[in-house]
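# Working through the structure, step by step
Take a look at the letters that make up each chain.
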Amino acid sequence: MSDQTPVLECRNLSISYYTRAGEIPAVVDFNLKLMPGESHGIVGESGCGKSTVALAIMQYMGKNGAIVGGELLFEGRDMRSMSPDELRKLRGSKIAMVYQEPMASLNPAMRIGDQLCEVPIYHDGVSEREAWQRSAEMLAKVRLPDPERIMNSFPHQISGGQQQRVVIAMALLSSPKLLLLDEPTTALDVTVEAGIVELIRDIADEFGTSMIYISHNLGLILETCDRLTVMYSGEAVEVGDIHDVFDEMRHPYTRGLFGSIPLPGADKNEHPLVAIPGQLPLPHERPKGCNFGPRCTFFRQGVCDTGRLRMHSVPGDDDHRVRCERFQEIDWERDLPKGEAKPPVESGDVVLSVDDMTKHYVIEESGFLIFGGEEKTVKANEHLNFSAREAETVAIVGESGCGKSTFAKVLMGLEDATAGQVKLGNVELGNLPVEKRDEKTISRLQMVFQNPFDTLNPSHTVGGQIARVIRKFGVAKTKEEVDEIVFRLLDIVKLPRDFAKRRPRQLSGGQKQRVGIARAFAGNPDVVIADEPVSALDVSVQAAVTDLLMDIQRENRTTLLFISHDLSVVRYLADRVVVMYLGQIMEQGTTEEIFSPPYHPYTEALLAAVPIADTSIEKRHIVLKGELPSPSNPPKGCPFSTRCQYMMPGKCDVEAPPIRAFGREGHEILCHLDPTELQEMEPVIKKKEEAA
Amino acid sequence: MAVSESIAAPGLVERLSAPKPAITLLLLMWVPLTIYVMFGAHQFVLLPAIPATILLYWVAFYNFRESSTAIIGLTLVFFWLLMAVSAPYLPLVDPNKPIAPFTLPFSEKRDIFFWLGTDFKGRDMLSRMIWGCQRVIVWGVTATFVAYVIGTLFGLIAGYLSGWWDEIISFLANVLLSFPVMVLFIVILNYLGPSGFNIVVAVTFASAPAIMRIVRGLTLDIKTRDYVYAAQTRGEHPFYIMVIELLPNVRGPIIVDACLRLGYTTVAITTLTFLGLGLQPPDPDWGLMIREAAKTAMLWKFSYMLLVPALSVSTLILGFNLMADGLREMSLKD
Ligand SMILES: Nc1ncnc2c1ncn2[C@@H]1O[C@H](COP(=O)(O)OP(=O)(O)OP(=O)(O)O)[C@@H](O)[C@H]1O
Ligand code: SF4
Ligand code: SF4
Ligand SMILES: [Mg+2]
């Protein structure tokens, strides 16, 4: 391979943005060599400069960005010396990019077919007929069903996953040498993501395209790439073959990253995650010397804080390089980050029980003033049955549109249940909107929200927002008492006390989420609903916030309803799991029961779809066909029947499936399959055989 | 708004920029001026307003120093504000006293030097120009303020409570908006009779619907934020949510719009007075000055009578508009 010219080479590339606050060095001293047919992953947290690298390669730096140093070679030619015309040609035909948001690349007002055809017409000068032909073929290659229909639709008429496939098809139509993918699946559901990932992997094999795959998810990188660059705060900190980096990481940050993601085997009691302390430095607040210094446990004065750090080769492996001064002194086997084991918590009595709860929304389609159009029922929740005990963590898992948030709204009293009951202790909540609930009931039930940027009111101080809850629920009355509790809560969520006077915009995402947690616990609730509380946070901060949430819960014996789409997190922290699909519970049981056979076919697919950042794990591949059906038009019979690989025509798509019970603890699966068939399923995740 | 919570050791101007001192200064300037103009109080009430205005200009200048547009706007507006609060203390002749008719600018008559000449009744133009800004500013700002209070209130209700509230409020707003503004003014003032308070009513009817729409749109967006859900799930009263959770967050865009609208209102009031529907003689007022000058200014020689009040109005409006532009510019930068 070494005698080939690399498709792309970055040499000491430095990129800056110029803003009102001065020059922001977004990427510093970045090196990368990409061989033909190779896939290179770039992983790192928000703001570390991943997208900037991609944009620099595309030479789309915007008005205020510029490459300030280094070389950027495409097939051996310096891109910085090319004329704008040459660059434009290059971008259209040899380099293509796929963004996170598919709609960013599609014109909403143009038929998909016409948009696709532009590419071959413009680049290869073919006739319209031929262009149409090629486009249709390409759509088939990215495995879109019924290409003709899709070519004739507008972008908004197809789902997000399909849009992303169209964008990839468009990129491939010019048969590029280099494909840049910037978080192409982040906006998609897990089972849809699995399909796209498989597609991306096949592209490399089939078209020989070199790829740069940008993601914050290590598992995805493992599934798609050959080589990997880990970035931290504008610098590459570790580069190497994917297996070398995963199995023998040599940078404390990479190590910290792996320690803070829940891999199979992590367990909240025995092997808790280890969060990286602190937070990412802002580009203009980077420390002297090693950027990771302030958060690194191996930091040593005089070594790590003297001037710029260089990349060092790991002895015995020239391709594996790290930017750390002390990597050879660290005993990588002994100094594994290890969390303290904590005793498991015994759960108490049932606190919350949901009994046959159903919520239907009636929406009027194209209504005119008061004269309604056609009425439609959206079955957001259908016959939910489950309960949660004191001090227990119950996870509700499912993809978008499965009714998780509706359930939370009914519980919180923002919506009425259509039928059935929801009982908190002995208070019936299903038809008790929040205005009619007494203070006591309201304070027993609180919520932690998903989006850290939305969870706090930007106009009020942090302390004021927590204090409001304390006063409202009558926990304390006098100013001194309230202040005292606010301070105590800030201590509990590990924030400095003077944050009480700050406004939300002065806080980072993780810090805001901590305030959100403090606010939820301010009224001493019995049940806390956490709606994806960490999914919007950076990986290294997620672990800290998750742990915090669980520590407080443990302390107060609170019941935690943890809503999430991320099965890795769920396995790590839940005691029991409820799997939902299109408003119905597909399976429920203890965490162990959910993660081992018998599986519900949907759970099985969900498990197989979650990327796992562990090379010693083997996973069965199941890629679901199709997309999530719309909840306003669910399939007849079993809601999963349109995508299920075990679907039995004539039965599953006609009759509602029965509940099959297993074990004594209430493990239930909603499926037509025979209990013995379910029992005989293979585990999805296995340790690899040691034989090799 | 641009109240900087500076981390550096605060100097006087920074300390005055904090919300409480800034609002105190604003009230110290505004309340005396309003009492003086609306209720004819003794000129002593204006004494605290003069230093307050100067300090406020300093504070505003400091906070907007990054936008030259805003600085020019501020300077124009504060020039007139300072004239308004200090008019009784300036060495001016009585604006209502006829001295020597048709004296041209920069000429002397009866031992008085007339910088801007006199009008057809022989009243000093300079004095009338300076005194005349009081009524325009006070009534213009008051009318705009009242329109904003009402428009914002209805906007919050329509946006947050939606349903029937929204249908009714939006319908009424659309009806009002379908009239041309001037027609609405003339109808209302003809019906109620010309006076400052009725101008406030007319401006409110004309402006509040548009303000309502802006606030309603902002509210519709903000009410889906998680912090609003958090308040709802705490069982907060809708009124609390509207005032405490929503209002502070719609404030920013509204302030920019308010500056622009101050400009429109100033035009409207001047026009109404010109038409004889607004403020009544004999007290000086720009609109009145234009109205009176219109009769005589046909002669090129006397066009200064028209030019002086017209340019005054223009500079004030220009000031408001530049301030709006500067504010928008600054809010986009952050
Ligand atoms: N147009 C811009 N002007 C000024 N600064 C910018 C601009 N775009 C990005 N930055 C800054 O440059 C740094 C790197 O940003 P970049 O978008 O490359 O990060 P990223 O790794 O892609 O993050 P994410 O995971 O959030 O996509 C950040 O500090 C960011 O704030
Ligand atoms: S250089 Fe020092 S501070 Fe930086 S990662 Fe290595 S040991 Fe840690
Ligand atoms: S009932 Fe049928 S379609 Fe539904 S999950 Fe079971 S096998 Fe699949
Ligand atoms: Mg990015």
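Quick note: structure is the one above.
As a starting point, this report considers the structure included with it. Computed from a predicted structure; not experimentally measured.

### Description of the overall build of chain B
Counting its regular elements, chain B contains 12 helices and two strands. Element order for chain B, N to C, with α for helix and β for strand: α-α-α-α-β-β-α-α-α-α-α-α-α-α. Computed over C-alpha atoms, the radius of gyration of chain B comes to 22 Å, within 12% of the 20 Å expected from 2.2 N^0.38 for 334 residues, which places it in the range of a compact globule. Along the first, second and third principal axes, the C-alpha atoms of chain B reach 75 × 55 × 35 Å. Here chain B holds 334 residues, and 51% of them are scored as buried. In chain B, 69% of the contacts between residues at least 6 apart in sequence involve partners at least 24 apart. Total accessible area computed for chain B in this model is approximately 15,700 Å², and 72% of it derives from carbon and sulfur atoms.

### Comments concerning the sheet that holds strand E6 (residues 95–98) of chain A
All names here are of chain A. Pairing is mixed in the open sheet, where eight strands are placed in the order E6-E7-E8-E3-E9-E10-E12-E11. Across the chains shown, the open sheet's two edge strands, defined by having one partner strand only, are E6 and strand E11 (312–314). Averaged over all pairs of adjacent strands, the angle between strand axes in this sheet comes to 25°, irrespective of strand direction. Of the strands in this sheet, strand E9 (227–232) and strand E10 (235–241) touch helix H10 (residues 252–259), which is tilted by about 95° from E9.

### Observations regarding the interface of chain B and chain A
Of the residues lining the interface, 21 residues belong to chain B; the matching set on chain A comes to 26 residues. When chain B packs against chain A, the two sides together hide about 2,100 Å² of surface, and 52% of this comes from carbon and sulfur. It is Asp226, Thr233 and Arg234 of chain B that lose the most area in chain B upon contact with chain A, and together they represent 32% of the buried surface on that side. Across the contact surface, chain B and chain A share three salt bridges. Glu236 of chain B is the salt-bridge partner of Arg468 of chain A, the closest N and O atoms lying 2.6 Å from each other. Remark: the boundary between chain B and chain A carries eight residue pairs in polar contact (both at pLDDT 80 or more). Elements supplying a minimum of two residues to the side of chain B that touches chain A: helix H6 (163–177), helix H9 (226–233) and helix H10 (238–274) of chain B.

### Observations concerning the site of ligand 2
Close to ligand 2 lie His251, Pro252, Cys290, Gly293, Cys296, Phe298, Phe299, Cys304, Leu309, Cys324, Glu325 and Arg326 of chain A, which account for all nearby residues. In terms of residue class, the shell around ligand 2 is made up of eight nonpolar, two polar and two charged.

### Looking at the sheet that holds strand E5 (residues 77–78) of chain A
Residue and element names in this part refer to chain A. Spatially, the four strands line up as an open sheet ordered E2-E1-E4-E5, and their pairing is antiparallel. Every other strand in the sheet has two partners, leaving strand E2 (22–34) and E5 as the edge strands with one partner each. As judged from the two bridges shared by strand E4 (residues 65–74) and E5, these two strands associate in the antiparallel manner. By the bridge assignment, Leu73 is partnered in E5 with Asp78. Against the sheet, helix H1 (residues 50–58) touches strand E1 (8–19), E2 and E4, its axis set at about 105° to E1.

### Details of the site of ligand 3
Cys638, Cys644, Cys652, Cys671 and His672 of chain A are the nearest of the 13 residues found near ligand 3. Split into classes, the residues belonging to the shell around ligand 3 amount to 10 nonpolar, three polar and no charged.

### Remarks on the packing of aromatic side chains
Overall, the coordinates contain 13 aromatic pairs over all chains when judged by the stated rule. A centroid spacing of 4.9 Å and a plane angle of 80° characterise the contact between Phe246 of chain A and Phe258 of chain A, whose relative ring orientation is edge-to-face. Taken as a pair, Phe246 of chain A in helix H9 (residues 242–247) and Phe258 of chain A in helix H10 lie far apart in primary sequence, 12 residues in all. A residue is classified by how much of its surface remains accessible, and Phe246 of chain A, at 5% relative accessible area, is buried. Residue Phe258 of chain A is classed as buried on the basis of its relative accessible area of 9%. When the centroid spacing of 5.0 Å and the interplanar angle of 70° are considered together, the rings of Phe79 of chain B and Trp80 of chain B count as edge-to-face. Residue Trp80 of chain B is classed as buried on the basis of its relative accessible area, which comes to 4%. Each residue in the set Tyr232, Tyr253 and Phe292 of chain A is aromatic and connected to the rest through ring pairs, giving one cluster. Above the face of the Tyr361 of chain A ring, Lys359 of chain A is positioned so that its terminal group lies 4.9 Å from the ring centre.

### So, the side chain of Glu593 of chain A
Residues and elements named next belong to chain A. Tracing the backbone shows Glu593 in helix H18 (residues 591–594). Although Glu593 is buried, it forms no salt bridge, and the closest oppositely charged side chain is Arg576 at an N-O distance of 7.4 Å. Polar contacts involving the side chain of Glu593 include one to the main-chain amide nitrogen of Thr590, which spans 2.9 Å. Other than its neighbours up to four places away in sequence, Glu593 contacts Glu587, Pro598, Glu665 and His667.

### A few points about the packing of helix H7 (residues 190–207) of chain A against helix H19 (residues 601–609) of chain A
Residues and elements named next belong to chain A. The geometry of H7 relative to H19 is characterised by a closest axis approach of 9 Å and an angle of 50° between their N-to-C directions. One finds that H7 runs oblique with respect to H19. Handedness of the crossing formed by H7 with H19: left-handed. On H19, the residues touching Val190, Thr191 and Ala194 of H7 are Tyr602, Leu606 and Ala609. The residue inventory of the contact of H7 with H19, partitioned by class, reads five nonpolar, one polar and no charged.

### Thoughts on the packing of helix H4 (residues 68–86) of chain B against helix H5 (residues 125–161) of chain B
In a packed pair of helices, the relevant descriptors are the angle between the two axes and the axis-to-axis distance. All names here are of chain B. The contact between H4 and H5 brings their axes to 8 Å, and the two run at 105°. What the angle tells us is that H4 and H5 run roughly perpendicular. Facing Trp80, Leu81, Met83 and Ala84 of H4, the residues of H5 in contact are Met129, Ile130, Cys133, Gln134 and Ile137. When the residues that make up the contact of H4 with H5 are grouped by side-chain class, the tally is eight nonpolar, one polar and no charged.

### Quick word on a nonpolar patch on the surface
All names here are of chain B. A cluster of nonpolar side chains, namely Trp164, Ile168, Phe171, Leu172, Val175, Phe179, Val183 and Val187, defines an oily patch on the protein surface of about 820 Å² accessible area. Going through the elements one at a time, H6 and helix H7 (181–192) are the ones with two or more residues in the nonpolar patch. Within the secondary structure, Leu172 sits in helix H6.

Reading guide: rules and limits
- Residues numbered from 1 in each chain as written.
- Chains lettered and ligands numbered in written order.
- Predicted model: local features only at pLDDT ≥ 70, side-chain atom pairs only at ≥ 80, totals over all residues.
- Heavy atoms only, no water.
- Helix = DSSP H or I, 4+ residues; strand = E, 2+ residues; numbered from the N terminus.
- Rg over C-alpha atoms; globule rule 2.2 N^0.38 Å.
- Buried < 20%, exposed > 50% of the residue type's maximum accessible area, 1.4 Å probe, protein only.
- Contact = heavy atoms within 4.5 Å.
- Areas by Shrake-Rupley, 256 points an atom, 1.4 Å probe, with all protein chains shown as cover.
- Pairing = 2+ DSSP bridges.
- Axes fitted to C-alpha atoms, helices over the stretch in contact; angles between N-to-C directions.
- Buried area = accessible area lost by both parts, 1.4 Å probe.
- Salt bridge = Lys/Arg side-chain N within 4 Å of Asp/Glu carboxyl O.
- Polar contact = N/O pair within 3.5 Å; in protein donor to acceptor, adjacent residues only side chain to side chain.
- Near = heavy atom within 4 Å.
- Nonpolar A, V, L, I, M, F, W, Y, C, P; charged D, E, K, R; others polar.
- Phe/Tyr/Trp six-rings, centres within 6.5 Å; stacked < 30°, edge-to-face > 60°.
- Lys NZ or Arg CZ within 6 Å of the ring centre and 35° of its normal.
- Lys, Arg positive; Asp, Glu negative; His and termini not counted.
- Parallel < 35°, antiparallel > 145°, perpendicular 65-115°, else oblique.
- Left-handed = near helix turned anticlockwise from the far one by under 90°.
- Patch = residues over 30% accessible without salt bridge, like charges linked within 9 Å, V, L, I, M, F, W, Y side chains within 5 Å.

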